[in-house]
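So you can see what is in the structure, the chains are spelled out below.
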Amino acid sequence: MMGAGKTAVGTEVARLLGRPYTDSDDEIERAANMTITEIFARDGEEFFRARESEVLARILAGPPGIVSTGGGAWIRPENRRIIRAGGVSVWIDADLETLWNRVRLRATRPLLMTPNPHETLAAMVDQRRPVYAKADLRLLTSDRDTVDGTARRMIEMLAANGFLTKGEGNAR
Ligand SMILES: Nc1ncnc2c1ncn2[C@@H]1O[C@H](COP(=O)(O)OP(=O)(O)OP(=O)(O)O)[C@@H](O)[C@H]1O
Ligand SMILES: O=C(O)C1=C[C@@H](O)[C@@H](O)[C@H](O)C1
Ligand SMILES: [Mg+2]
């Protein structure tokens, strides 16, 4: 979900593990040479979603690493198939107020450009939670967590579930 920490925590997990890092939102922006807000405004959400699926298929076919998706990517069954075929998925789960406190400061999320963005976020969280729950692993975070602490807990969780190679679970 937007503001859960996919980009912030994913970057730190990759750094600690010494693995390549990719953010699907960044890749879409780079390929289009436009911001996500501009893509939504000019071409619409469906166009963005099509590019998102293309980018995910390309990333997941590449070398093993840490990938942060966009908040809506997992909602499309096609994307879940792509991610499941090439990797392990982690749902970073945060409560509504934690998400809100993180997204309210920046106007970079077009789906929240509504008259009542808090209400919009709440409705999206309710609608999406059952789909996020289909992820392989769930990491619960709250506004008491730091990015670094959450990244370390994610590494512990990946190691405990057998998804890291020997030694990686001890990353500092
Ligand atoms: N675990 C955390 N502890 C403290 N701050 C966090 C944590 N995770 C994220 N943040 C902060 O919240 C903000 C939003 O996080 P981030 O951009 O990583 O979210 P995201 O899940 O990638 O959202 P989007 O779906 O929109 O890409 C950033 O300023 C980030 O530093
Ligand atoms: O939750 C979503 O649907 C989105 C999240 C962002 O990461 C971007 O991918 C875009 O703003 C849409
Ligand atoms: Mg992000």
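Residues numbered from 1 in each chain as written. Chains lettered and ligands numbered in written order. Predicted model: local features only at pLDDT ≥ 70, side-chain atom pairs only at ≥ 80, totals over all residues. Heavy atoms only, no water.

Colleague: Got a sec to walk through the UniProt feature "binding site: ATP" (unreviewed entry) in the protein chain? Specific residues and values, please.
Modeller: Under the present numbering, the feature "binding site: ATP" (unreviewed entry) in UniProt falls on G3, A4, G5, K6, T7, A8 and R109. For G3, the location among the structural elements is in the segment before helix 1 (6-17). The class of G3 is buried, set by a relative accessible area of 11%. Those residues in contact with G3 that sit more than four places away from it in its chain are L99, R102, V103 and R109. Here R109 shows up in the loop between helix 5 (96-103) and helix 6 (117-132). Discounting residues that sit within four places of it in the chain, R109 has contacts with M2, G3, R102 and V103. (UniProt positions renumbered as here; feature names shortened; annotations may be inferred. Helix = DSSP H or I, 4+ residues; strand = E, 2+ residues; numbered from the N terminus. Buried < 20%, exposed > 50% of the residue type's maximum accessible area, 1.4 Å probe, protein only. Contact = heavy atoms within 4.5 Å.)

Colleague: An account of the side chain of E168 is needed here, citing residue identities and associated values.
Modeller: Relative to the helices and strands, E168 resides in the segment after helix 7 (147-160). In terms of polar contacts, E168 uses its side chain to reach the side chain of R19, at 2.6 Å. (Polar contact = N/O pair within 3.5 Å; in protein donor to acceptor, adjacent residues only side chain to side chain.)

Colleague: Quick one: what's the story with the UniProt feature "binding site: substrate" (unreviewed entry) in the protein chain, residue by residue and with numbers?
Modeller: The residues that UniProt annotates with the feature "binding site: substrate" (unreviewed entry) are D25, R49, G71 and R128. On the secondary structure map, R49 appears in helix 3 (residues 36-60). For R49, a relative accessible area of 7% gives the class buried. Not counting residues within four places of it along the chain, the set of residues in contact with R49 comprises G72, A73, R76, L111 and R128. Residue R128 is classed as buried on the basis of its relative accessible area, which comes to 10%. Among residues more than four places away in sequence, those in contact with R128 are M1, R49, G71, G72, I75 and L111.

Colleague: I'd like a description of the site of ligand 2, backed by residues and values.
Modeller: Surrounding ligand 2, one finds M2, D25, I36, F48, R49, G70, G71, G72, P110, L111 and R128. Between ligand 2 and G72, the relevant distance is 3.2 Å, taken from an oxygen atom to a main-chain nitrogen or oxygen of the residue. At a separation of 2.7 Å, an oxygen atom of ligand 2 approaches a polar side-chain atom of R128. In isolation ligand 2 offers 310 Å² of accessible surface; the protein chains occlude 96% of this area. For the shell around ligand 2, the leading source of residues is helix 3, giving 3 residues. Looking at the shell around ligand 2 residue by residue, the class counts come to 5 nonpolar, 3 polar and 3 charged. (Near = heavy atom within 4 Å. Areas by Shrake-Rupley, 256 points an atom, 1.4 Å probe, with all protein chains shown as cover. Nonpolar A, V, L, I, M, F, W, Y, C, P; charged D, E, K, R; others polar.)

Colleague: Any details on the site of ligand 1? Residues and values, ideally.
Modeller: The immediate surroundings of ligand 1 are formed by 16 residues, with K6, T7, A8, R109 and D145 found nearest. Within the backbone of G3, one N or O atom sits 3.0 Å away from an oxygen atom of ligand 1. A distance of 2.8 Å separates an oxygen atom of ligand 1 from a polar backbone atom of A8. Contact with the protein chains covers 77% of the free accessible surface of ligand 1, which is 630 Å². It is helix 1 that provides the largest number of residues to the shell around ligand 1, a total of 3 residues. Taken together, the residues that form the shell around ligand 1 break down as 5 nonpolar, 6 polar and 5 charged.

Colleague: So what's going on with the side chain of R80? Which residues, and what values?
Modeller: Within the secondary structure, R80 is located in helix 4 (residues 77-86). Side-chain polar atoms of R80 contact the backbone oxygen of W74, separated by 2.9 Å. In contact with R80, other than residues within four places in its own chain, are W74, I75, V131 and K134.

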